[in-house]
Protein chains: 2
Amino acid sequence: MKLYEQLADSIAQSIQEGVLCRGDKLPSVRQASASRNVSPSTVFQAYYLLEARGLISARERSGYFVSGGATGMPTSPEPIAQMNEELTQVDVSELVFEVLESIRVKNVIPLGSAFPSPLLFPLSNLARTMASSVQMMDPWSSVDNLSPGDANLRRQIALRYMIDGLHVAADEIIITNGALEALNLCLMAVARPGDTILIESPTFYAALQSIERVGLRAVEVPSHPRDGIDLNAMELALERHKPKACWLMTNFQNPLGSLLSDEKKKALVALLTKYQVPLIEDDVYGELYFGDKRPTPAKAFDTEGLVMHCSSFSKCLAPGYRVGWVATGRYSKAIERLKLTTTLSASAPAQVALAQYLQKGGYDKHLRSLRHTLLVNQIKFTEAIERYFPDGTRLTVPQGGYFLWVKLPDGVNALEVQRIALANGISIAPGPIFSAQKGFTDYVRLNYGHIWDARIEASLSTLGSIARDLTP
Amino acid sequence: MKLYEQLADSIAQSIQEGVLCRGDKLPSVRQASASRNVSPSTVFQAYYLLEARGLISARERSGYFVSGGATGMPTSPEPIAQMNEELTQVDVSELVFEVLESIRVKNVIPLGSAFPSPLLFPLSNLARTMASSVQMMDPWSSVDNLSPGDANLRRQIALRYMIDGLHVAADEIIITNGALEALNLCLMAVARPGDTILIESPTFYAALQSIERVGLRAVEVPSHPRDGIDLNAMELALERHKPKACWLMTNFQNPLGSLLSDEKKKALVALLTKYQVPLIEDDVYGELYFGDKRPTPAKAFDTEGLVMHCSSFSKCLAPGYRVGWVATGRYSKAIERLKLTTTLSASAPAQVALAQYLQKGGYDKHLRSLRHTLLVNQIKFTEAIERYFPDGTRLTVPQGGYFLWVKLPDGVNALEVQRIALANGISIAPGPIFSAQKGFTDYVRLNYGHIWDARIEASLSTLGSIARDLTP
């Protein structure tokens, strides 16, 4: 049993024994750290675990309080208890590749996929737009569209920022081969081999792979399924490890689905500004919100050009076109030059087609329909999980995106679930691929971005049986 | 005056004084190295210089002999005298970027461009093909086209290898965002920061930039404008520096235009196989031959999977589509994984369009027409250079491609030529951007892949005047 689990159990015992009563305030993290002689992050992890068990709850800027009782499955947030005390030399790639390669088998039910179903996109409309735009394409656009990219597309993207209340000049935008390239260019622009990068835990596995590839080290900061990265833990990590950059997702994080509030984004940017650490903001799911309006990127609160905001059209409009971008902040020159020496530019026909599609309107209508479909799917998925999955299953219901981060009953091995599920024609994404330490062994990420039908429902029933069979 | 120049002058004096007569064999490189107490590469450089001056000539596998006299400008090959005794920490990027950024100004006559005119390509035919193929595109191709790439396109490329007499399985081919990405992925697959890479001198500046970006060191081996890299010098470099890879262009090298004979390619691969050093073969100009048939890639002589053959459609069919590939040899897995973690895949619409274009035929007809245009342009360019450029100008007439590597009279500063030319609305590529040591200060690379007209002719006349004015 780990230190934070011991601490959590000891506090849980105090609650059960009535030493701590409903409504009582728990000691602050620093107090508990001092009195229990453990690190602050161990306290964070213990508190998260207790919150997950429904024993305590956090009140904004007040600390943790003993709750009235556990919240019911499946809507209770499950915390992440993986604060990494030390730097990690990342070597998760082999596992990630094995899992991703197994997932890419044809004809499986792709609940492990990172992409929503392409059938949810206006592909024939896009194809018609491309057919007309490519035939009108200026021959010299092949030269003009070199990095930083097609001028009209950059203008259209800047316009969307403006509509969302951000001022981003078209000049600040560099078009990339999807958001993945944007994120990688940002990382290379600010870090050299041996440097440390601050990431959240769990994190998108591509961040782990990039960190590993470039020869960087990771410091993992715990992230909460509901409201994202822990800023107190982050400040400790900033002080202690002097990272060269922070890479995270602010909106509907992959795999958690967490969403940072505006308040928290503001605090995040202020904190990073204090330490002058650039933020690589991965915001590929921001358009897929179920609330009233698109959640603000952290970049909106950046006054010093420290935030590199990366996004793409791959998850909400044009999968496979491989068109993404970065709003570069103060790192324009470095990023553009890296782009010029690695892939030169994004595909010109895809750029002009997307520019024309955005210009003629219809994108917002498509997005409204896509968001509605995803929300309906989410409800169907959570209902099915409640129906078919064994007791002890927990999940968070995110406010956007298309991922569910599901905690299976304690001790169920997600890699084993994945292996058996695949043999049954179903893919899932097991928890360990989202952590440098290969933790989250009893978590799975499920993709609900697929058209709901009896086959999908049957696959969830099968997954539930597999998890039940594997429950110790 | 450098050591090799002193040695060359001393030998030239012996020839002028009749100590060495026409037809006399010069001492072997090893003999001269021992007797003169200089390094073998200094002897190579001196012999190259003398060959360039027309004083001596090489006979295959026999050594150097005193010639009858100098060959006339502009058809005499000019040697490269830049054997680098030591490893070079490359830091040429700043200069390259400055020059490339200045070149990208609109409305200049683009003799410094790396691309041929897009007007030489069947763009409207391609656009029609794309219009039809994108509308028929399987929605799931966005998922299926992930690295290694569209199956049909890979098959079409394998078919072209077969027609050229090479057996390359479709499975060995990975589609990339242009050849530049292919080359970079190959480099990352076999080298780690601090490793040494063997390159030719002069070399394509992107190789220098990649080596610099990844934190590698370069050992530069002299390359001859007519028949390419010096294999004797290469063997010395292999022995001495134990490079992790060799990166070079076998066909119509950029900037030289040099072409390795089949014999020499075979010897090159045998040499690298002996030292078990992988070859990153950049062959983007191979289709642009003026001879009877496409020159063979060095990969044809590879029996151990050591050669990674990189090419693209950017220089001969579809500029701006950003579709290239690598035939990976034994490095498939590493390269595919690097691709998956950096840019994921090439643009799906561009892949399906090119696959369909290749399938329906017409590519070879286009290539015949393109080659004819380039050859006619080359003749017009060389005639104009002979007419307008000052005495002391020399150039090699390559057997393919669209670059002329022009030696200006001794002491003319190519960077100064570039600055003045740009002020006159003409871009050129100055010699120093092709060398880690920023050598070749009196060379320029001119692009003749533009439609010949009075404006182009006038620009060559202007360049000639600029060079004349700058001649000491």
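Fair warning: this is a prediction, and the values are worked out from it, not measured in the lab. (Residues numbered from 1 in each chain as written. Chains lettered and ligands numbered in written order. Predicted model: local features only at pLDDT ≥ 70, side-chain atom pairs only at ≥ 80, totals over all residues.)

Re the domain arrangement of chain A
Residue and element names in this part refer to chain A.
Next, step 1: For chain A, the assigned domains are domain 1 (3-71), domain 2 (89-118 + 368-470) and domain 3 (121-363).
Next, step 2: Each of domain 2 and domain 3 has a C-alpha centre, and the two are 25 Å apart.
Next, step 3: Facing 30 residues of domain 2, the contacting portion of domain 3 comprises 30 residues.
Next, step 4: Sort the elements by how many residues they give to the side of domain 2 that touches domain 3 and helix α14 (residues 363-388) lands first, with 4 residues.
Next, step 5: Among the residues forming the side of domain 2 that touches domain 3, the class breakdown is 19 nonpolar, 8 polar and 3 charged. (Domains from an automatic or database assignment. Contact = placed C-beta atoms within 7 Å. Helix = DSSP H or I, 4+ residues; strand = E, 2+ residues; numbered from the N terminus. Nonpolar A, V, L, I, M, F, W, Y, C, P; charged D, E, K, R; others polar.)

Quick look at the interface of chain B and chain A
Next, step 1: With 45 residues of chain B in contact, the opposing surface of chain A contributes 45 residues.
Next, step 2: Breaking the side of chain B that touches chain A down by element, the ones donating at least two residues are α5 (123-135), α6 (141-144), α8 (178-190), α9 (205-214), α12 (332-342) and α13 (348-360) of chain B.
Next, step 3: For the side of chain B that touches chain A, the leading source of residues is α5 of chain B, giving 8 residues.
Next, step 4: A breakdown of the residues in the side of chain B that touches chain A according to their chemical character gives 23 nonpolar, 17 polar and 5 charged.

Remarks on the sheet that holds strand β14 (residues 403-407) of chain A
All names here are of chain A.
Next, step 1: The strand order β13-β14-β17-β16 describes an open sheet built from 4 strands, whose pairing is antiparallel. Only two strands of the sheet have a single neighbouring strand rather than two, namely β13 (394-395) and β16 (429-430).
Next, step 2: Sheet analysis places β14 next to strand β17 (residues 443-447), joined by 5 bridges and oriented antiparallel. By the bridge assignment, Leu 404 is partnered in β17 with Leu 446. (Pairing = 2+ DSSP bridges.)

Description of the relation of the copies chain B and chain A
Next, step 1: The operation relating chain B to chain A is a screw motion whose rotation component is 180°, with 0.1 Å of axial translation and a residual RMSD of 0.1 Å. Here the symmetry operator amounts to a two-fold rotation axis. Minimal C-alpha separation from the rotation axis in chain B is found for Ala 131 of chain B, amounting to 2.0 Å.
Next, step 2: Looking at chain B, 100% of its interface residues are interface residues in chain A too, so the copies touch through the same face. (Least-squares fit on C-alpha atoms with pLDDT ≥ 70 in both.)

Quick notes on the environment of Arg 213 of chain B
Next, step 1: Here Arg 213 of chain B is to be found in helix α9.
Next, step 2: Taking the C-alpha atoms as reference points, Arg 213 of chain B and Gly 425 of chain B, separated by 212 residues in sequence, lie 31 Å from one another.

Some words on the confidence of the model for chain A
Residues and elements named next belong to chain A.
Next, step 1: Scored by pLDDT, chain A comes out at a mean of 89, with 94% of its residues at no less than 70.
Next, step 2: Taken together, the stretch residues 69-83 has pLDDT below 50 and engages in 57 contacts with residues farther than four places along the chain or on a different chain.
Next, step 3: Two summary scores accompany this predicted model of the complex, namely pTM at 0.84 and ipTM at 0.83. (pLDDT = per-residue confidence, 0-100.)

Some details on the packing of helix α1 (residues 3-16) of chain A against helix α3 (residues 40-52) of chain A
Residue and element names in this part refer to chain A.
Next, step 1: For the pair α1 and α3, the least separation of the axes is 8 Å and the interaxial angle reads 55°. Judged by the inter-axis angle, α1 sits oblique to α3. For the pair α1 and α3, the sense of crossing is right-handed. Contacts from Leu 3, Tyr 4, Glu 5, Leu 7, Ala 8, Ile 11 and Ala 12 of α1 reach α3 at Thr 42, Val 43, Gln 45, Ala 46, Leu 49 and Leu 50. (Axes fitted to C-alpha atoms, helices over the stretch in contact; angles between N-to-C directions. Parallel < 35°, antiparallel > 145°, perpendicular 65-115°, else oblique. Left-handed = near helix turned anticlockwise from the far one by under 90°.)

Concerning helix α8 (residues 178-190) of chain A
Next, step 1: Taking 1.5 Å per residue, 13 residues should reach 18 Å; α8 of chain A reaches 19 Å between its end C-alpha atoms and fits that length.
Next, step 2: With 13 of its 13 residues buried, α8 of chain A lies for the most part within the structure. (Expected span 1.5 Å × (residues − 1). Buried ≥ 20, exposed ≤ 12 C-beta atoms within 10 Å, placed from the backbone.)

As for the sheet that holds strand β16 (residues 429-430) of chain B
Next, step 1: The 4 strands lie next to each other as β13-β14-β17-β16 (chain B), forming an open sheet whose pairing is antiparallel. The strands lining the two open edges of the sheet, one partner per strand, are β13 (394-395) and β16 of chain B.

Details of the environment of His 241 of chain B
Next, step 1: For His 241 of chain B, the position within the fold is in helix α10 (residues 231-241).
Next, step 2: Between the alpha carbons of His 241 of chain B and Asp 195 of chain B there is a distance of 9.7 Å; along the sequence they are 46 residues apart.

Digging into the packing of helix α7 (residues 151-163) of chain A against helix α13 (residues 348-360) of chain A
Residues and elements named next belong to chain A.
Next, step 1: One way to put it is that α7 packs onto α13 with a least axis distance of 8 Å and a crossing angle of 40°. Compared by their axis directions, α7 and α13 come out oblique. Judged by the sense of rotation from one axis to the other, the crossing of α7 with α13 is left-handed. Counting all contacts with α7, which are made through Asn 152, Leu 153 and Gln 156, the residues of α13 involved are Gln 351, Leu 354, Ala 355, Leu 358 and Gln 359.

Structural notes on the pairing of strand β9 (residues 245-249) of chain A
Residue and element names in this part refer to chain A.
Next, step 1: Taken across its 5 residues, β9 has 5 buried, putting it largely inside the fold.
Next, step 2: Neither face of β9 is open: one carries Ala 245, Trp 247 and Met 249, the other Cys 246 and Leu 248, and all of them are buried.
Next, step 3: Alignment of strand β6 (residues 196-201) against β9, held across 3 bridges, turns out to be parallel. In the sheet register, Ile 197 faces β9, and the bridge partner there is Ala 245.
Next, step 4: Where β9 meets strand β10 (residues 279-282), 4 bridges bridge the pair, whose relative direction is parallel. If you follow Met 249 over to β10, its bridge partner there is Asp 282.
Next, step 5: Once you follow β9 into helix α11 (residues 262-274) and on to β10, the crossover reads as right-handed. (Right-handed = clockwise from strand over helix to strand, strands pointing away.)

Considerations on unusual backbone geometry
Next, step 1: Geometrically, the link from Ser 147 of chain A to Pro 148 of chain A is a cis peptide bond, its omega value of 10° lying close to zero.
Next, step 2: As for its placement among the helices and strands, Pro 148 of chain A is situated in the loop between α6 (141-144) and α7.
Next, step 3: We note that Phe 252 of chain A has phi near 55°; this positive angle belongs to a residue other than glycine.
Next, step 4: In this structure, Phe 252 of chain A sits in the loop between β9 and α11.
Next, step 5: Positive phi, normally seen in glycine, also occurs at Lys 438 of chain B, with a value near 55°.
Next, step 6: Assignment of secondary structure puts Lys 438 of chain B in the loop between β16 and β17 (443-447).

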